[in-house]
Amino acid sequence: MNEENLRKIQAITEAALLAAGKPLSVDQLRDLFEEGERPARQVMEHVLVLLEQSCQGRGFELKKVASGYRLQVREEYVPWVGRLFEEKPQRYSRALLETLALVAYRQPITRGEIEDIRGVTVSSNIVRTLLEREWVRVVGHRDVPGRPAMYATTRQFLDYFNLEGLDQLPPLSEIRDLEEIGREIEKNMQAEIEFESSARDAGDNDGEAAPDSSPGQTLH
């Protein structure tokens, strides 16, 4: 494929990622083209490398996450970009972060097992928030009396926290307690602008905003 065609595919890919507001996989990007002009998978992967290189020295980057690729603001520019948004970024309670951390590291895990480890009851609001945000899902039921649901993390969890896979979570050996696990997970978040923005629902329960609970910021 000649250089002119590669530049055209790169421009189309960049435009699609800007417009999508969510990660796109290699196959989704290839499907943008008519069958007769559809680039081979290897060509599309090469175009993504070229696009990544073209972002060097700019205020945004091409980031690969679990669901595919997206264009996002570089983390170091978040303090300035954040001033464009009147609504303060969502911050999460210690209880929610600890619950999420246990699901991430001990999955599949039941609500009762989470409560045994934390030593306190897990609020229904926390479980509902994690399910509604599609960060966790029910993957089965434990074969014990009552058959409690077992929870595991999702691709949306990996995407939100800027991870390609669970192996990118910080090693447990480097973390002292559950709260620190939650903070380490949250540190993996980088700035992300969705060009088709949608306002978040603000909550006032245990699973929602806790104004001082996180140093990270994600832009939506």
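Structure: above.
Calculation notes
Residue numbers here run from 1 along each chain, matching the order of that chain's written sequence. In keeping with the predicted nature of the model, local features appear solely for residues at pLDDT of at least 70, side-chain atom pairs appear and are counted solely at 80 or more, and the whole-chain, interface and lining totals rest on all residues. Hydrogens are left out, water is left out, and the side-chain values use all remaining heavy atoms of the structure. Three exposure classes are used, based on accessible area relative to the maximum for each residue type with a 1.4 Å probe and protein chains only: buried under 20%, partly exposed in between, and exposed over 50%. To qualify as a helix, a DSSP run of H or I must reach at least 4 residues; to qualify as a strand, a run of E must reach at least 2; elements of each kind are numbered from the N terminus. Pairing between strands is defined by DSSP: at least two bridges between the two strands are required. Two rings from Phe, Tyr or Trp (for Trp, the six-membered ring) form a pair when their centres sit within 6.5 Å of each other. Planes less than 30 degrees apart are called stacked, planes more than 60 degrees apart edge-to-face, and all others tilted. Ring-over charges, as used throughout, are those where CZ of Arg or NZ of Lys falls within 6 Å of the ring centre and within 35 degrees of the ring normal.

A. Fine view of the pairing of strand β5 (residues 149–153). Summarising burial for β5: five of the five residues are buried, a large majority. On β5, burial covers both faces: Ala149, Tyr151 and Thr153 on one face and Met150 and Ala152 on the other are all buried. Examined bridge by bridge, strand β3 (residues 109–110) and β5 share two bridges and lie antiparallel to one another. From the neighbouring strand, Ile109 faces β5, where its bridge partner is Tyr151. Inspection of the sheet shows strand β4 (residues 136–141) paired to β5 by five bridges, in the antiparallel sense. Looking at β5, one finds that Arg137 is bridged to Ala152.

B. Broad picture of the packing of aromatic side chains. Overall, the coordinates contain four aromatic pairs when judged by the stated rule. For the ring pair Trp135 and Tyr160, a centre distance of 4.8 Å and an interplane angle of 45° mean the geometry is tilted. Of this pair, Trp135 sits in the loop between α7 (124–132) and β4 while Tyr160 is found in helix α8 (residues 155–160), placing the two residues 25 residues apart along the sequence. According to the relative accessible area criterion, Tyr160 is buried, its value standing at 7%. Between Phe157 and Phe161 the ring centres are 5.1 Å apart and the planes differ by 50°, which places this aromatic pair in the tilted class. A residue is classified by how much of its surface remains accessible, and Phe157, at 0% relative accessible area, is buried. The class for Phe161 is buried, based on a relative accessible area of 1%. These aromatic residues form a ring-pair network of at least three members: Trp135, Phe157, Tyr160 and Phe161. When the ring centre of Tyr160 is taken as origin, the NZ or CZ atom of Arg133, which lies over that ring, is 5.5 Å away.

C. Structural detail: unusual backbone geometry. With omega at -5°, the peptide bond leading from Gln107 into Pro108 counts as cis. If you trace the backbone, Pro108 turns up in the loop between α5 (94–106) and β3. In this structure, Glu134 takes a positive phi of about 60° despite not being glycine. Topologically, Glu134 is positioned in the loop between α7 and β4. Since its relative accessible area comes to 44%, Glu134 is described here as partly exposed. Phi at Asn162 is positive, roughly 65°, even though this residue is not glycine. Tracing the chain through its elements places Asn162 in the loop between α8 and α9 (178–187).

Purely geometric stuff here, so don't read any function into it on its own.
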